[in-house]
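Report on the structure
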Amino acid sequence: MEEAKMVTKSLFMSYSRNAPPALKDVTMDIRANSVTAFIGPSGCGKSTFLRCLNRMNDFVRDARITGRVLLDGMDIYSPEVDVTNLRRRVGMVFQRPNPFPFSIRENVAYGPKLLGARDESVIDEIVENSLRSAGLWEEARDRLNDMATSLSGGQQQRLCIARAIAVEPEVLLMDEPTSALDPIATARVEELVRELKRDYTVAIVTHNMQQAARVSDTTAFFLMGELVEYGPTDVIFTTPTDQRTEDYITGRFG
Amino acid sequence: MERAGEIVITTGGPRGARRGARKWGEIVPKGVVTSVALSGIWLMAFIIFFLIKEGAPILKETSLTEIALGQLWYPVSNPPSYGMLPLIAGSAAVTLLSSIMAIPFGVVLALFISDVCPERAREFCKVSLEILGFLPSVVLGFIGMAVIAPHMQMKLELLSGLNMLNASFLLGILILPTIATLSEDSLYAVPQAMRDASYALGGTRCETMFKVVLKCASRGIAQAAILGVMRSVGETMVVLMAAGGAAIIPLAMSDPVRPLTSTIAAEMGETPVGSPHYHALFFMGCLLLFITIALNILVLRIESGGGEK
Amino acid sequence: MSIYLLRRAADRASTAALYGCMALSAAVLGLILAFLAYRGVGAISWEFISDHPRAGMTEGGIVTPIAGTVQLILVSMAFAFPVGVTTAVYFNEYSRGGALTKALRLAVRSLASVPSVVLGLFGLAFFCVFLRFGASLLSAGLTLGCLALPTLITASETALQNVPREFRDASYALGGTRWQTIYKVVLPSAFPGIITGGILCVGRVAGETAPIMFTGAVFFAPGFARSIFDSVMALPYHIYVLATAGTRIDKTEPLQYGTILVLLALVLGISMVGIVARARLRKRL
């Protein structure tokens, strides 16, 4: 197995001072060039955990986070870390496709332009490569200047993936990326996720256990803010060690 | 007890009569409400009709080209001259200058309130903008006359502090709350998902605001800007008191101007009803009315989705 | 790496600039209010509030324009309030979105954008000349009413829309007719919101000058208007007159600032009542 790309050490998180913790003592590794799936019933903290990995929880007022999150050994919550660069390195794809109301090209070019890309031919190349990696190039090549909102839901989500990889991230966080999509679009995105791990480290939150089994190498099961069990996907799904994991996987609750 | 008795009766006269009464009890209020509500249409129709009725007769005195291109506004001279170009230019100049000042500033204020301002200070900021909007224009005009003009005259060594710059500045203050409040509404309505997408790509807050949120709200902001321009065109007291009132085509910001609104306000009081001068002033009213109606149509078209690529 | 530092610096700088803009606006507002209060407070006395203008308006008080402004508010609201609320009831309860409703909406929006001085012209041509009301309290009040109407309609409509559906359903379920439901259930529960909108509207109407300049407000009146066909003095117009027509500006300066302070207190006082009432209402919703 590859070395750990991201590591969390006894991570606690609560949304306000008096609220019960949303994450309790989560310690885990996310291995490089693999797909790690977070499963669990809704409200179990899996999305919260994902948003801790690129500090999207910074926007929650009064949120309190303790513990450490390391990216290549560097604590991402230490004061000298530049959040913008961190989020560039740790990209994110959201539950609902959220393309900007710009053209397809401008959506993909947004990130590179923030990073100072000015040369149109360089941008064109980035746009093409990103769309290719996201499997959208063939469908979009002739309509790069059309509004992104004219794409179908599944295409929009792949555009969001292309937009995320245009800034050359190292880690890609996906928060239930197929929950708003139909089965065919879902299959395409899943296929894409399996391809993406060649170049990126992928962490994916899903409420769909079959999806976790299909796309991931490692699975982590969360319950009420706790990381219950964590291991290779085939082990988790065939011989879980914890009774709660087994109950969840066999559909006894959730 | 009697009521219970009534319910038992299922056929015959009383019930039919009651149904009739009930029907009248519905039709009469509905008719009254509808006809009163229609007074809005009547009112707008009357406004257009009376403005045209009183404004059109000036065309018997002079020609449209003379009005539109004539540079001399001497309505009470003998022979009178009804050139409105300097007045139109004055209106255009103060509107333009005040919009240039107030629109960017108003949008920036709106961005501040929607995306930067700490939650606790939000209400305070919105209420202070609202209070600014409640300042009567005659008070702002007075400030222009009594405070800004003397200072401007001394500091800039001008002939008069009552000029285009002074009036435009005050007009800017006057339309600022309109622009800022309406822009803020549309910025606030931009989904959080748009902001999240930008932040997740490593965008800073200002990049997110200026490159994403602003673009997402561009329609609402365009409407806000047009409504601001509309108020600026139609505002009277500030330009009447602070613009200087000279019917010349302005060439510099320190030139005094006499916009259409202030001409009407200044001259209508001393004009005999039915005189050519009276009709000329109504003609200006028509111009103003048509400009605002045109801007209104523009706002409606933006609203209904026209003009998008 | 430097691009990140640069971007962070740009972010900090623009954030600071945004704070600066807001602070500047608040400061301008504060400065205007403080300056006017400072200059005006010396002129305020019981005599100033309760006396008629004297000696060619270089002495005495401003009770005549104060009374005139109050009268104008009353006349304008007597016209605009019922019409505005009824129109809102039509939009919210009766209209089915047909051509008539569309035309009415368009008319109301256009009315809202008519410049106030153009409304003044209309008032002159229609109320004063055509209906032969002359330059009077009635003409000026009705003109101001036209100005207030669109705002009142919008405010009342919002208030009506905020009435929970369940209230209506409950009334209909008890066999109430449409009109009974509107009159006994919807209007009473929307009433606080409608009144709040009305108060905010009064704040605007009280400070308007242009619509009344040639429809009924006069330079000088010897006393209060005793009938709606008398012409009136009004605070905003009085300010304009004192500031521009006075031959002895220096002597009337305290009067000018005093009058402004009274007008501001009136307008902002009424508006603050409206703003506070609205904040309370929102909290309750």
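Residues numbered from 1 in each chain as written. Chains lettered and ligands numbered in written order. Predicted model: local features only at pLDDT ≥ 70, side-chain atom pairs only at ≥ 80, totals over all residues. Heavy atoms only, no water.

1. So, the domain arrangement of chain C
Interfaces are frequently sized by the accessible area removed from exposure as the parts join. All names here are of chain C. Operational definition: Domain borders in the structure are assigned automatically or taken from a domain database. Two residues form a contact once any of their heavy atoms are found within 4.5 Å. As a working definition, buried area equals the accessible area (1.4 Å probe) given up by two parts on being put together, with both sides summed. Salt bridge criterion: a side-chain nitrogen from Lys or Arg within 4 Å of a carboxyl oxygen from Asp or Glu.
On domain assignment, one finds that chain C holds domain 1 (2–43) and domain 2 (46–284). When each unit is reduced to the centre of its C-alpha atoms, the spacing between domain 1 and domain 2 is 33 Å. Counting residues at the interface gives eight residues for domain 1, matched by nine residues for domain 2. In this assembly, domain 1 packs against domain 2 so that about 710 Å² is buried in total across both faces, 77% of it on carbon and sulfur atoms. It is Leu36, Arg39 and Ala43 in domain 1 that bury the most area against domain 2; as a group they hold 65% of the surface buried on that side. Of the charged contacts in the structure, one is a salt bridge between glutamate 253 and arginine 39, with a shortest N-O distance of 2.9 Å.

2. Regarding the packing of aromatic side chains
Aromatic ring pairs are reported here in terms of the distance separating the ring centres and the angle at which the planes meet. Put simply, the rule reads: The rule is short: rings of Phe, Tyr and Trp, with Trp giving its six-membered ring, pair when the centres are within 6.5 Å, and they are stacked under 30 degrees, edge-to-face over 60, tilted in between. Starting at the N terminus, helices and strands are each numbered in turn, a helix being any DSSP run of H or I of at least four residues and a strand any DSSP run of E of at least two. Throughout this description, buried means an accessible area under 20% of the type-specific maximum (1.4 Å probe, protein chains only), exposed means over 50%, and partly exposed covers the range between. Only when the NZ of Lys or the CZ of Arg is both within 6 Å of the ring centre and within 35 degrees of the ring normal is a charge said to sit over the ring.
Enumeration over the complete set of coordinates arrives at 27 aromatic pairs over all chains. An angle of 65 degrees between the planes, with centres 5.2 Å apart, marks the rings of phenylalanine 38 of chain A and phenylalanine 49 of chain A as edge-to-face. Pair noted here: phenylalanine 38 of chain A is in strand 3 (residues 35–39) and phenylalanine 49 of chain A is in helix 1 (residues 46–53), with a separation of eleven residues, a long-range link. This pair shows no difference in class: phenylalanine 38 of chain A is buried, exactly as phenylalanine 49 of chain A is. With 5.7 Å between their ring centres and 70 degrees between their planes, phenylalanine 38 of chain A and phenylalanine 222 of chain A make a pair best called edge-to-face. Taken together, the positions of phenylalanine 38 of chain A in strand 3 and phenylalanine 222 of chain A in strand 9 (residues 218–223) put the pair 184 residues apart, joining distant regions of the chain. The pair formed by phenylalanine 38 of chain A and phenylalanine 222 of chain A is uniform in burial state, with each residue classed as buried. Every member of this aromatic cluster is reached through a ring pair, and the members are Trp42, Phe46, Phe49 and Phe50 of chain B together with Phe122, Phe126, Phe127 and Phe130 of chain C. Over the face of the ring belonging to phenylalanine 100 of chain A we find arginine 163 of chain A, whose NZ or CZ atom lies 4.5 Å from the ring centre.

3. Remarks on the interface of chain B and chain C
Condition: Contacts described as polar in this section are N or O atom pairs within 3.5 Å, which, within protein, must combine one atom able to donate a hydrogen with one able to accept it, while residues neighboring in sequence count only if both atoms come from side chains.
If you look at the interface, chain B gives 77 residues, while chain C gives 76 residues. Residue arginine 109 of chain C pairs with glutamate 303 of chain B through a salt bridge whose shortest N-O separation is 3.2 Å. Between chain B and chain C we count nine residue pairs in polar contact (both at pLDDT 80 or more) in total. No other element matches helix 15 (residues 276–303) of chain B, which puts eleven residues into the side of chain B that touches chain C.

4. Notes on helix 4 (residues 120–133) of chain A
Residue and element names in this part refer to chain A. Where we set the bar: The length a helix should cover is 1.5 Å for every residue beyond the first. By construction, the arc corresponds to the directions joining the helix axis to the C-beta atoms.
The terminal C-alpha atoms of helix 4, which comprises 14 residues, lie 20 Å apart, in line with the 20 Å expected from a rise of 1.5 Å per residue. Listing the buried residues of helix 4 in full gives Ile123, Val127, Ser130 and Leu131. Along the axis of helix 4, the buried positions cluster into a sector of 95 degrees, meaning they face one direction only. If you follow the buried residues of helix 4, they end up packed against helix 3 (104–114), helix 5 (137–140) and helix 6 (153–165). Of the residues one or two after helix 4, glycine 135 is the one with positive phi, at around 65 degrees.

5. Some remarks on the interface of chain A and chain C
The partner chain C presents five residues to the seven residues of chain A that form the contact. Across the interface of chain A and chain C, roughly 610 Å² is buried in total on both sides, 50% from carbon and sulfur atoms. By the criterion of area lost to chain C, the three top residues of chain A are Asp82, Leu114 and Leu115 of chain A, representing 61% of everything that side buries. For the interface between chain A and chain C, the tally reads one salt bridge. Residue aspartate 82 of chain A pairs with arginine 8 of chain C through a salt bridge whose shortest N-O separation is 3.3 Å. Taken together, the connections running from chain A to chain C amount to three residue pairs in polar contact (both at pLDDT 80 or more). Considering each element in turn, the side of chain A that touches chain C owes the most residues, three residues, to helix 2 (residues 83–89) of chain A.

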